[in-house]
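Descriptive structure summary
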Amino acid sequence: MTTTFGAAAASSAVFADPRIQIQTFQTSPCGLASAFRHRGGINHGLRRTSSINVVRAVNTPVKPETVVETKRSKVEIIKENSNFIRFPLNEELLTETPNINESATQIIKFHGSYQQTNRDERGTKSYSFMLRTKNPCGKVPYQLYLVMDDLADKFGIKTLRLTTRQTFQLHGVLKKDLKTVMSTIIRNMGSTLGACGDLNRNVLAPAAPLAKKDYLFAQETAENIAALLTPQSGFYYDMWVDGEKIMSAEPPEVVEARNDNSHGTNFPDSPEPIYGTQFLPRKFKIAVTVPTDNSVDILTNDIGVVVVSDKKGEPQGFNIYVGGGMGRTHRQEATFPRLAEPLGYVPKEDILYAIKAIVVTQRENGRRDDRKYSRMKYLISSWGIEKFRSVVEQYYGKKFEPFRELPEWDFQSYLGWHEQGDGHLYYGIHIDSGRVKGVMKQTLREIIEKYKLNVRITPNQNLVLCDICRSWRRPIGAALAQCGLLEPRLVDPLNLTAMACPALPLCPLAITEAERGMPDLLKRVRALFEKVGLKYNESIVVRVTGCPNGCARPYMAELGFVGDGPNSYQLWLGGTPNQTSLAKCFMDKIKLQDLEKVLEPLFYHWKRDRKAKESFGDFTNRTGFETLKGLVETWEGLPDTSRRLHNLKLFTDRQTYEAMEKLAKLENKTAHALAMEVIRNYVADQQNGKSE
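Residues numbered from 1 in each chain as written. Predicted model: local features only at pLDDT ≥ 70, side-chain atom pairs only at ≥ 80, totals over all residues. Heavy atoms only, no water.

**Describing the overall build of the chain**
Inclusion rule: We count a stretch as a helix when DSSP gives it H or I for four or more residues in a row; a strand needs E for two or more, and each element gets its number in order from the N terminus. Working definition: with a 1.4 Å probe on protein chains only, accessible area under 20% of the residue-type maximum means buried, over 50% means exposed, and in between means partly exposed. Any two residues whose heavy atoms approach within 4.5 Å are treated as being in contact. Method for areas: the Shrake-Rupley scheme with a 1.4 Å probe, in which residue coverage is limited to the protein chains shown.
In terms of helices and strands, the chain carries 23 helices and 19 strands. In the chain, which comprises 692 residues, the share counted as buried stands at 57%. By sequence separation, contacts in the chain at least 24 residues apart represent 69% of the contacts at least 6 residues apart. Of the roughly 30100 Å² of accessible surface on the chain, a fraction of 52% belongs to carbon and sulfur atoms.

This is how it looks when you write it as structure tokens:
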């Protein structure tokens, strides 16, 4: 899909030479003169072969130009007037009201916070703030984990939320407590700077603490990219720790790349050399990984970086993807999710310069008039990858090398027990929708505090305990099982890959439920699997969001639910288990109570008509949506259901099955689900008994 964007498209059509650009959407308040002045390293001369019409027009006497102010969104004006992301937040925090005004609400996002209200409550609005941390690679020192756990109890809603971008979200913080919470995080090796807002967000990397060269290099690169693109003007520390300088050593190569202006990337006299006063047009997301490991959903990012190693396993450089993004708007076809595409290869010593060049290209050319179209994916869709590459190369100062061949991608969850490769173990814990609460929260705290375990958050909302001595394995496993955090082999496979955004009651953008509705939704999917005869060990990737913004990446799911009304969802089909295929909208406005009418025929025909080892996503893509819709519309129920076979792996005779089914109905469960629950509880009790 290609979308043409007004003046920006018109100017690019007139000027064939990519080195000559009329900046339709300014990042500097100083106007065109400043914009051209700061590009010191670019040759602005005209090429005779491609600019004849332009030269003729310049030499022709014309009327004095009428300066027409470029249309900008309200947020762009707020940023320009904010004194580098300070005003009016600095004044609003001093007022006695429980909330902040609209402009401050936009500014506080750059500090890592959103203003929210409890939408379950009626009448007077109950204001609070959600804080999101910045944790490159998902790395969390054990001291910071304990601090976040404390803050959740003292100032939040007594839960921690693990996000799809490897960070914490802390909900329910009151305005009067913001400075206390923020300063505590900062002084305990944490940060929320840039976790939200129009700048680079948290940089993803595989969460596994593997002692392998490529993994270590990927994680180091992710941390360097995060440092490169961290704001420099000090607004964050001015606001929350009264300007106190928090010392953190940066690698010299990061400082050098940030300060380099040999190709006109920087604002030389600005406290924000890369971002300027306007920062980026919209949020910006980057992930780094190694070949085959798609634990980071690499193709959903603005930039995807893949380590390329030689035959000896030594990292040599990086493949770079660009243009991914999930967000869209209902009933506006010009907005869409998009997969990233190959840009090229760079040697390892150039990666920071290449990343900076891509970011600056988006900064200078991304739309700033309508935020629905401000992500870099729309710029690339409008320009095409060839033009985009050409402009990036002007800022990079080199040509990109050809993209290196990569093996097939595979989703890695890192759940369960694994060797780190340095004599220690790590253990990946599945946590439903990333919500750490109740007994599990207390148990995790006790384990992390007792053994001083650093942790990592995964892009699938799970938690990895790192650096575990072998002698600790049994007591840790027993304690986790006792609080309900079972080994992955004892968890329903549907749950292991499912994701949901928080949605209601706190997210202001939510149209309907996601996290709170996920447990029941998965039970209904499992019941349908059992009904049509699918085995318990079979699974599909299910993701749910309460709105179309795509925080849980539903457009990559085999079965994606996107809220489009109260108790109503769009159904997206066609993603694949390894997260390399974009789903498509199958149906709109499916009411929650009608899900079985749609899903039962789909699951039945998948079981009956699939090829060997064909995933549900591949089956829906091969069959085609028109055929699938016909199957749904003509569905009259399972054929000859009275002769349906029961799952003999659990029930060896009909009498046992019928007895279990009767008990299950009392708890609104399936016989299979209740039997598995009994088995899991028995195993947990046995594990606990062995540890005593």
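**Structural notes on the confidence of the model for the chain**
For clarity, the cut-off: The predictor attaches a confidence to each residue, and that confidence, scored 0 to 100, is pLDDT.
When pLDDT is averaged along the chain, the result is 89; 87% of the residues meet or exceed 70. Looking over the chain, one finds the lowest element-wise mean pLDDT in helix 3 (residues 52-59), namely 33, and the highest in strand 6 (residues 286-289), namely 99. The low-confidence segment residues 1-63, where pLDDT is below 50, has 97 contacts with residues more than four positions distant or belonging to other chains. With pLDDT under 50 throughout, residues 642-648 is counted as low confidence; its partners more than four residues away or in other chains account for seven contacts.

**Some details on the pairing of strand 2 (residues 127-132)**
Which entries qualify depends on this criterion: For two strands to be treated as a pair, DSSP must find at least two bridges joining them.
Burial runs high along strand 2: five of the six residues are buried. With five bridges joining them, strand 1 (residues 113-117) and strand 2 adopt antiparallel strand pairing. Residue Ser113 lies in a different strand from strand 2, and its bridge partner there is Leu131. For strand 2 and strand 5 (residues 168-173), the ladder comprises three bridges, and the chain directions are antiparallel. Within strand 5, the position partnered with Phe129 by the bridge is Val173.

**Here's the deal with the environment of Phe217**
With respect to the helices and strands, Phe217 occurs in helix 9 (residues 213-228). For Phe217, a relative accessible area of 18% translates into the label buried. Distance from Phe217 to Pro315, taken between C-alpha atoms, is 7.4 Å for residues 98 residues apart in sequence. Dropping the residues within four chain positions of it, Phe217 is found in contact with Val307, Pro315, Phe318 and Lys348.

**Thoughts on the sheet that holds strand 5**
For the record, the criterion: All axes here are fitted lines through C-alpha atoms, helices being fitted over the stretch that makes contact, and every angle between N-to-C directions spans 0 to 180 degrees.
Sheet architecture is open: five strands sit in the order 1-2-5-4-12, paired in antiparallel fashion. Each of the sheet's edge strands pairs with one partner strand only, and the pair in question is strand 1 and strand 12 (435-436). Strand direction decides the pairing type here: strand 4 (residues 160-162) and strand 12, joined by two bridges, are antiparallel. Considered in strand 12, the bridge of Leu160 is made with Val436. Where helix 8 (residues 178-186) meets the sheet, it contacts strand 1, strand 2 and strand 5, and its direction lies at approximately 10° from that of strand 2.

**Description of the sheet that holds strand 7 (residues 303-309)**
Across the sheet, which stays open at both edges, the four strands sit in the order 6-7-8-9 with mixed pairing between neighbours. If you trace the sheet from one side to the other, it starts and ends with strand 6 and strand 9 (341-347), each paired once. Averaged over all adjacent pairs, the angle separating strand axes in this sheet is 20°, with direction ignored. Across four bridges, strand 6 lies against strand 7 in parallel orientation. From the neighbouring strand, Ala287 faces strand 7, where its bridge partner is Gly304. Against the sheet, helix 14 (residues 385-396) engages strand 8 (315-322) and strand 9, with an angle of about 25° to strand 9.

**Details of the packing of helix 12 (residues 351-365) against helix 13 (residues 376-383)**
In helix packing, the relevant descriptors are the interaxial angle and the interaxial distance, both defined with respect to the helix axes. Note the cut-off: An angle counts as roughly parallel when it lies under 35 degrees, as roughly antiparallel when it exceeds 145, as roughly perpendicular when it falls between 65 and 115, and as oblique in every other case. Charged residues are taken to be Asp, Glu, Lys and Arg, nonpolar residues to be Ala, Val, Leu, Ile, Met, Phe, Trp, Tyr, Cys and Pro, and polar residues to be all remaining types, Gly included.
The interhelical angle for the contact between helix 12 and helix 13, taken along N-to-C directions, is 80°, at an axis separation of 10 Å. One way to sum up the angle between helix 12 and helix 13 is to call them roughly perpendicular. Of helix 13, the residues touching helix 12 (which contributes Ile358, Thr361, Gln362 and Asn365) are Met376, Leu379 and Trp383. Here the residues of the contact of helix 12 with helix 13 are counted per class, giving four nonpolar, three polar and no charged.

**As for unusual backbone geometry**
With an omega dihedral of 0°, the bond running from Phe87 to Pro88 counts as a cis peptide bond. Relative to the helices and strands, Pro88 resides in the loop between helix 4 (74-80) and helix 5 (89-92). Each neighbour pair has its own omega, and for Leu504 with Pro505 the value is 10°, a cis peptide bond. With respect to the secondary-structure elements, Pro505 resides in the loop between strand 15 (499-500) and helix 18 (518-532). Of note, Cys137 is a non-glycine position whose phi angle comes to about 70°, a positive value. Positionally, Cys137 belongs in the loop between strand 2 and strand 3 (139-140). The buried category is assigned to Cys137, whose relative accessible area is 0%.

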